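Here is how the chains run, residue by residue.
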Amino acid sequence: MLSRLVIVVSAVVAVAMAGHQLIPALGGFTPVMESLLPWIGLTVPLLLLAAAVARSRAAALAALVPGVVWAVMFGSTLLRTPPGGPSDLAVGTVNVGVTNNASGEAVRMIAKDLDLLAAQELTSGGPAAKQLNKMFKYHYPVSTVGLWSRYPISEPKPLDVGLGWPRALRAVVSTPKGKVTVYVMHLASARPGATTSRDASLARARKLIDADPSKRILLLGDLNTATTDRGMRGLTPPLVDAQTAAGDGFGFTWPSEFPITRPDHILFKGMTATKAGVAPATGSDHRAAIASLRL
């Protein structure tokens, strides 16, 4: 009985991983499962242990199948090394946490080596905004999001991504190597059985990107969508994920104590990512996503 159970569960796990995008959304439960997709690989050692207890070679071989599927899907992520090389722009994004009294210290540590920093869950006149205003000459806050830059900002514009109020922005940053159109977004939240608002805000974000004729585009923010979530198909492509292109590992950012998924993203086009990673953010339940880009 145990041997048969291992074989059946192994088959279900392998099919769920390989064909997750073919599984119906089930009211929003499947996309949330996809956010945790890399962790499904942890079932493989448990299945192998059960096969050993059952003393079944067939069960052991079956348990290896989801392991192979996981390796094909995610093995390169663990083996990938950043391409490196010269870079022209160091950028980052962080959800500072709306109740984070240490947000000023958090952004100070994150932003000290960056040219651009996007922040979400800002409070008007709060410690994060005050600290960033000291560090950057140029800034453009909108509601609870903002962009801080070492280079001039022009054409600033607040955006509504389907939430009924502006929780996103668009601006053009003039770097020494040319202009970059920057979007900062904080999309609607996604929870098991409740992804409708998030999906609508993702669709709105895609329309904004598709309609933008800029040569170089940079999208920074808390998109409440993991890299493995089917919702990201709406943005990557046309944009490229900096962590996927130049990161070391999965780059999980949430929750900060033990990150298991990545809702915080640096997406781009018209540039090359040379390095990407994650930085701690004092007091926030998110870690920051950072990247270096060559224009």
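Residues numbered from 1 in each chain as written. Predicted model: local features only at pLDDT ≥ 70, side-chain atom pairs only at ≥ 80, totals over all residues. Heavy atoms only, no water.

A. Molecular detail of the nonpolar core. Residues Val91, Leu169, Val182, Leu218 and Ile266 are the most contacted members of the largest nonpolar core, which totals 27 residues. Beyond its immediate stretch of four places on either side in the chain, Leu218 contacts Val91, Leu116, Val180, Thr181, Val182, Tyr183, Ile266, Leu267, Phe268, Met271 and Leu293. Counting residues in hydrophobic clusters, the runner-up holds 19 residues, among them Ala90, Leu114, Leu117 and Ala128. (Core = buried A, V, L, I, M, F, W, Y, C linked by side-chain atoms within 4.5 Å. Buried < 20%, exposed > 50% of the residue type's maximum accessible area, 1.4 Å probe, protein only. Contact = heavy atoms within 4.5 Å.)

B. Summary view of the sheet that holds strand β1 (residues 89-95). Taken together, 6 strands build an open sheet; the order of strands is β3-β4-β2-β1-β12-β11 and the sheet is mixed. Of all strands in the sheet, those with a lone pairing partner are β3 (138-142) and β11 (272-279), marking the two edges. Recorded for the sheet is a direction-independent mean angle of 15° between the axes of neighbouring strands. Relative to strand β4 (residues 145-149), β3 runs antiparallel, the two being bridged by 5 bridges. Of the residues in β4, the one forming a bridge with Val142 is Val145. This element, helix α5 (residues 103-111), spans β1, β2 (116-120) and β12 (288-294) of the sheet and lies at about 155° to β2. (Pairing = 2+ DSSP bridges. Helix = DSSP H or I, 4+ residues; strand = E, 2+ residues; numbered from the N terminus. Axes fitted to C-alpha atoms, helices over the stretch in contact; angles between N-to-C directions.)

C. View of the sheet that holds strand β5 (residues 153-159). Pairing in this open sheet of 6 strands is mixed, and the strands run β5-β6-β7-β8-β10-β9 from one edge to the other. Lying at the two open borders of the sheet, with one neighbouring strand each, are β5 and β9 (240-241). Pairing analysis gives 5 bridges linking β5 to strand β6 (residues 168-175), with the strands arranged antiparallel. Bridged to Pro158 within β6 is Leu169. Relative to strand β7 (residues 178-186), helix α7 (residues 196-210) is tilted by about 170°, and along the sheet it contacts β5, β7 and β8 (217-222).

D. How the structure looks around unusual backbone geometry. Residue Pro238 follows Pro237 across a cis peptide bond; omega there is 15°. Its place among the elements puts Pro238 in the loop between β8 and β9. The omega angle of the peptide bond from Trp254 to Pro255 is -10°, so this bond is cis rather than trans. Within the secondary structure, Pro255 sits in the loop between α8 (242-246) and β10 (264-269). With a phi close to 55°, Arg55 is a non-glycine residue in the positive phi region. On the secondary structure map, Arg55 appears in the loop between α3 (43-54) and α4 (57-79).

E. Summary view of the packing of α3 against α4. For the pair α3 and α4, interaxial distance at closest approach is 8 Å and the crossing angle is 175°. Relative to α4, the element α3 is oriented roughly antiparallel. Contacts between α3 and α4 involve Val44, Leu47, Leu48 and Ala51 from the first element and Ala59, Ala60, Ala63, Leu64, Pro66 and Gly67 from the second. Tallied by class, residues from the contact of α3 with α4 come to 9 nonpolar, 1 polar and no charged. (Parallel < 35°, antiparallel > 145°, perpendicular 65-115°, else oblique. Nonpolar A, V, L, I, M, F, W, Y, C, P; charged D, E, K, R; others polar.)

F. View of the environment of Val65. Along the polypeptide, Val65 turns up in helix α4. Residues Val65 and Leu295, spaced 230 residues apart in sequence, show a C-alpha to C-alpha distance of 42 Å.

G. Representation of the pairing of β1 within the structure. The buried count for β1 comes to 7 of 7 residues, which makes it a mostly enclosed element. Here β1 shows a buried face lined by Leu89, Val91, Thr93 and Asn95 and a second buried face lined by Ala90, Gly92 and Val94. In this structure, β1 lies alongside β12, joined through 5 bridges in antiparallel fashion. The partner of Val91 across the bridge, within β12, is Ala291. The pairing of β1 with β2 spans 5 bridges and is parallel. Within β2, the residue paired with Thr93 across the bridge is Ala118. As for the winding sense of the linkage, the β-α-β connection from β1 through α5 to β2 is right-handed. (Right-handed = clockwise from strand over helix to strand, strands pointing away.)

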